[in-house]
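Read off the chains here:
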Amino acid sequence: MYKYLFIDFHTHSDRQSSDLINLQTLHVAPELQAESLPNTCSLGLHPWFIQLETWEMAWVNLVDLAQSSQVIAIGECGLDRNIDLPLETQISIFKRHIELAEELQKPLVIHCVKAFAELIALKKNTKHSIPWIIHGFNKKEEVFQQLLKHDFYFSFGAAILSDLSPVTQAIATIPQGRFLLETDDCNDISIEQIYDRAASLRHISLETLQTQLIETYRQLTRLGLG
């Protein structure tokens, strides 16, 4: 029944389809209510939107909402050197996400910009049993190999559509079970396009890719899909 589903592992769109698992990502504000959560979602404090005055209230709300069964993952959360929020503050808040993900045994969805050294150090120094998944990965082969060596997982998006992207080699060679696919905030690109491109780069059929990614999704989220 579930053999040929598509999975959009990280999206900001509320798409509904009988052949789609749509993991919608929400930044948690203090006022977000449980009734507003999509059927399948990921919740976190995105570093872009953290407000120093209110983030602790938002965090309390996140801890409460994250208990819900429709919350499949924690994040996106992470580290970004391109924003004004001090990196030390970002790291402190990110560590809370790590602890929450561990407590709930839900995978961690990570946003990382120019802070991969810090991210790897945190992973090495943190006892964890849940998957750490870098979403929207689009970095050079050297960074990819380093992250792969430290047992990170990846979610690839629109970058794989470009022949000029360094991640076309990554998606072609990454071991089965270490990646998923996403549309992120690209409203003009469908998850079917991403799947078609990934299947082509990996030299496998679309149906084989779908079957493999369903199994990866089940393993990473520890969900049974029937």
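Preceding block: the structure.
Small disclaimer: the values here were computed from a predicted structure and weren't measured.

Attention now moves to the overall build of the chain. Looking only at helices and strands, the chain has 7 helices and 8 strands in total. Taken over the C-alpha trace, the chain has a radius of gyration of 17 Å; the compact-globule value for 226 residues is 17 Å, and the two agree within 12%. Dimensions of the chain, computed from C-alpha atoms along their principal axes, come out at roughly 50 × 40 × 35 Å. Residue burial in the chain is summarised as follows: out of 226 residues, 53% are buried. Summarising the internal contacts of the chain: among those between residues at least 6 apart in sequence, 65% fall at separations of at least 24. For the chain, the exposed area adds up to about 10700 Å²; of that, 49% sits on carbon and sulfur atoms.

The buried fraction of strand E5 (residues 108-113) is high, at 6 of 6 residues. The pairing of strand E4 (residues 71-80) with E5 spans 5 bridges and is parallel. Counted as the bridge partner of Leu-79 is Cys-112 from E5. In this fold, the crossover linking E4 to E5 by way of helix H2 (residues 87-104) has right-handed handedness. Taken together, the 3 bridges between E5 and strand E6 (residues 132-135) define a ladder with parallel strand orientation. Across the sheet, residue Leu-108 finds its bridge partner in E6, namely Trp-132.

Here we come to the pattern of salt bridges. According to the stated counting rule, one finds 3 salt bridges in the structure shown. Note that Glu-118 and Arg-81 form a salt bridge whose closest N and O atoms lie 2.2 Å from each other. With a gap of 37 residues between them, Glu-118 in helix H3 (residues 116-124) and Arg-81 in the loop between E4 and H2 connect regions that are remote in the sequence. Note on Glu-118: relative accessible area 21%, which makes it partly exposed.

Our focus in this paragraph is H2. Here H2 is 18 residues long and its end C-alpha atoms lie 26 Å apart, about the 26 Å a rise of 1.5 Å per residue gives. Taken together, the buried positions of H2 are occupied by Leu-87, Gln-90, Ile-93, Phe-94, His-97, Ile-98, Leu-100, Ala-101, Glu-102 and Leu-104. Close packing links the buried residues of H2 with strand E3 (41-44), helix H1 (55-65), E4, E5, H3 and E6. At the exit of H2 stands Gln-105, carrying a positive phi of roughly 55°.

On to the state of the cysteines. Applying the stated rule across the entire model yields 0 disulfides. For the unlinked cysteine Cys-77, the closest cysteine sulfur is that of Cys-112, found at 11 Å. In this structure Cys-186 is a free cysteine whose sulfur lies 19 Å from that of Cys-112, the closest cysteine sulfur available.

Here the focus is the sheet that holds strand E8 (residues 179-181). Strand order in this open sheet of 8 strands is E1-E2-E3-E4-E5-E6-E7-E8, and the pairing throughout is parallel. On the outer flanks of this sheet lie strand E1 (6-11) and E8, each paired with one strand and no other. The sheet shows a mean angle of 25° between the axes of neighbouring strands, direction not considered. In this structure, E3 lies alongside E4, joined through 3 bridges in parallel fashion. Residue pairing across strands places Ser-42 opposite Ala-73, the latter belonging to E4. Relative to the sheet, helix H7 (residues 206-221) contacts E1, strand E2 (20-27), E4, E6, strand E7 (153-156) and E8, its axis offset from that of E8 by approximately 115°.

Procedures and definitions
Residues numbered from 1 in each chain as written. Predicted model: local features only at pLDDT ≥ 70, side-chain atom pairs only at ≥ 80, totals over all residues. Heavy atoms only, no water. Helix = DSSP H or I, 4+ residues; strand = E, 2+ residues; numbered from the N terminus. Rg over C-alpha atoms; globule rule 2.2 N^0.38 Å. Buried < 20%, exposed > 50% of the residue type's maximum accessible area, 1.4 Å probe, protein only. Contact = heavy atoms within 4.5 Å. Areas by Shrake-Rupley, 256 points an atom, 1.4 Å probe, with all protein chains shown as cover. Pairing = 2+ DSSP bridges. Right-handed = clockwise from strand over helix to strand, strands pointing away. Salt bridge = Lys/Arg side-chain N within 4 Å of Asp/Glu carboxyl O. Expected span 1.5 Å × (residues − 1). Disulfide = S-S within 2.5 Å. Axes fitted to C-alpha atoms, helices over the stretch in contact; angles between N-to-C directions.

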